[in-house]
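What follows is the residue order along each chain.
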Amino acid sequence: RNSNKKQENSFTFAAISTFVGLWASPTLVLHDIRKIVFKGDMIMERPVIGIPMGDPAGIGPEIVLKALQNKSLYEKCKPIVIGSLGVLRQIEEIIKTGCALHVVKEPSEGKYEYGKVDLIDLGNVDAKRLQFGAVQAECGRAAFEYIERSSQLALSGKLAAIATTPINKEAIKA
């Protein structure tokens, strides 16, 4: 029993330190740590981590694309973004990470390969109408929906954890 507790704590620390190293002010919510298979201190089965994209007009989409350029992240987990294809395409055109966007409907369809960002596209925001850096009710609603969908996936057991990106609380209230 103590061995299992040590493994849980070891993974929790590894996951949190991984995400702290990648994002400013991340939040990591572990859903069901028992789904992760360990052999000694090594993770044998990579957990699926849901990443709600955050405010489409904010820094979240850029943080996501840049963070997913860390190759070692894919050795530790299977990251999947919940967000907007249009917004991520627009951000990719600006920052040019070279990543490919792979749209899926469910986490089980993900490729989880470095250089390919698996994405559940909610299609809930018009990327062409966005004003980056401005508070917009549409973006607040979208950010909330990304978190809501991630939570549903975690509660249904399709995600092992959620790592959130920055949101604009003012936009959510707008």
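What you see as residue numbers is a count from 1 along each chain, following the sequence as written. Per-residue local features of the predicted model are confined to residues with pLDDT of at least 70, and side-chain atom pairs are confined, for both listing and counting, to 80 or more; whole-chain, interface and lining totals are unaffected and use all residues. Derived side-chain values reflect all non-hydrogen atoms in the structure, with water molecules and hydrogen atoms excluded from consideration.

1. Looking at the overall build of the protein
Here's step 1: Helix and strand counts for the protein stand at six helices and eight strands.
Here's step 2: Walking the protein from its N terminus toward its C terminus, one meets helices and strands in the order α-β-β-β-β-α-α-β-α-β-β-α-β-α.
Here's step 3: Across the 174 residues in the protein, those meeting the buried criterion constitute 43%.
Here's step 4: For the protein, the share of sequence-separated contacts (at least 6 apart) that also reach a separation of at least 24 residues comes to 72%.
Here's step 5: Every accessible area reported is derived by Shrake-Rupley at a probe size of 1.4 Å, with residue values counting cover from the shown protein chains alone. When the accessible surface of the protein is totalled, it reaches about 9,100 Å², and 51% of it is carbon and sulfur. Each helix is a run of H or I in the DSSP string that is no shorter than four residues. Each strand is a run of E no shorter than two, and both are numbered from the N terminus. Burial classes follow relative accessibility: with a 1.4 Å probe on protein chains only, a residue under 20% of its type's maximum area counts as buried, one over 50% as exposed, and anything between as partly exposed. Pairs of residues are marked as contacts when any of their non-hydrogen atoms sit within 4.5 Å.

2. Structural notes on helix 4 (residues 85-95)
Here's step 1: The set of residues buried in helix 4 consists of Leu85, Val87, Leu88, Ile91 and Glu92. Considered in projection along helix 4, the buried side chains sweep an arc of 160 degrees and stay on one side of the axis. Summarising the geometry of helix 4, the exposed residues directed more than 90 degrees from the buried face are Glu93 and Ile94.
Here's step 2: Where helix 4 is buried, its residues touch helix 2 (60-67), strand 5 (78-83), strand 6 (100-104) and strand 7 (116-121).
Here's step 3: By the criterion applied in these results, polar contacts are pairs of N or O atoms within 3.5 Å in which, for protein atoms, one can donate a hydrogen and the other can accept it, and in which residues neighboring in sequence qualify only through two side-chain atoms. The N-capping residue of helix 4, defined by a side-chain oxygen 3.4 Å from the backbone nitrogen of Gly86, is Ser84.
Here's step 4: Once helix 4 ends, the next one or two residues include Lys96, with phi positive near 50 degrees. Directions pointing from the helix axis toward each C-beta atom define the arc.

3. Notes on a nonpolar patch on the surface
Here's step 1: Think of a patch as exposed residues, more than 30% relative accessible area, with no salt bridge, where like charges cluster within 9 Å and nonpolar side chains (Val, Leu, Ile, Met, Phe, Trp, Tyr) cluster within 5 Å. When a carboxyl oxygen of Asp or Glu is within 4 Å of a side-chain nitrogen of Lys or Arg, the pair counts as a salt bridge. A contiguous nonpolar surface patch, about 240 Å² in accessible area, is contributed by Phe144, Ile167 and Ile172.
Here's step 2: You can see Ile167 is positioned in the loop between strand 8 (161-164) and helix 6 (169-173).
Here's step 3: What makes Ile167 partly exposed here is its relative accessible area of 33%.

4. Observations concerning the environment of Val117
Here's step 1: Within the secondary structure layout, Val117 lies in strand 7.
Here's step 2: Sequence separation between Val117 and His102 is 15 residues, and the spatial gap between their C-alpha atoms is 5.7 Å.
Here's step 3: Excluding residues within four positions of it along the chain, Val117 makes contact with Leu65, Leu68, Tyr74, Val81, Cys99, Ala100, Leu101 and His102.

5. Brief notes about the pattern of salt bridges
Here's step 1: Considering all chains together, one arrives at six salt bridges under this definition.
Here's step 2: Glu106 is the partner of Lys158 in a salt bridge, and the nearest nitrogen-oxygen pair spans 2.8 Å. Taken together, the residues span a long stretch of sequence, with Lys158 in the loop between helix 5 (137-155) and strand 8 and Glu106 in the loop between strand 6 and strand 7 at a distance of 52 residues.
Here's step 3: Relative accessible area serves as the criterion here: at 40%, Lys158 is assigned to the partly exposed category.
Here's step 4: Judged by relative accessible area, Glu106 falls into the partly exposed class, the value being 23%.
Here's step 5: The closest approach of N and O atoms between Arg129 and Glu138, which form a salt bridge, is 3.2 Å.
Here's step 6: For Arg129, a relative accessible area of 57% puts it in the exposed group.
Here's step 7: Sharing partners across several salt bridges, the network here consists of Glu106, Arg149 and Lys158.

6. Some thoughts on the packing of helix 2 against helix 4
Here's step 1: At a closest axis distance of 10 Å, the pairing of helix 2 and helix 4 adopts a crossing angle of 65 degrees. Accordingly, the angle class assigned to the pair helix 2 and helix 4 is roughly perpendicular. Here helix 2 runs over helix 4; the crossing is right-handed. For the pair formed by helix 2 and helix 4, the contact residues are Pro61, Glu62, Leu65 and Lys66 on the first element and Val87, Leu88, Ile91, Glu92 and Ile95 on the second. Axis lines are fitted through C-alpha atoms, for helices just across the contact stretch, and the angle between N-to-C directions can take any value from 0 to 180 degrees. These descriptions rest on fixed angle ranges, namely under 35 degrees for roughly parallel, over 145 for roughly antiparallel, 65 to 115 for roughly perpendicular, and the rest for oblique. Crossings are assigned a handedness: left-handed for a near helix turned anticlockwise from the far helix by less than a right angle, right-handed for a clockwise turn.

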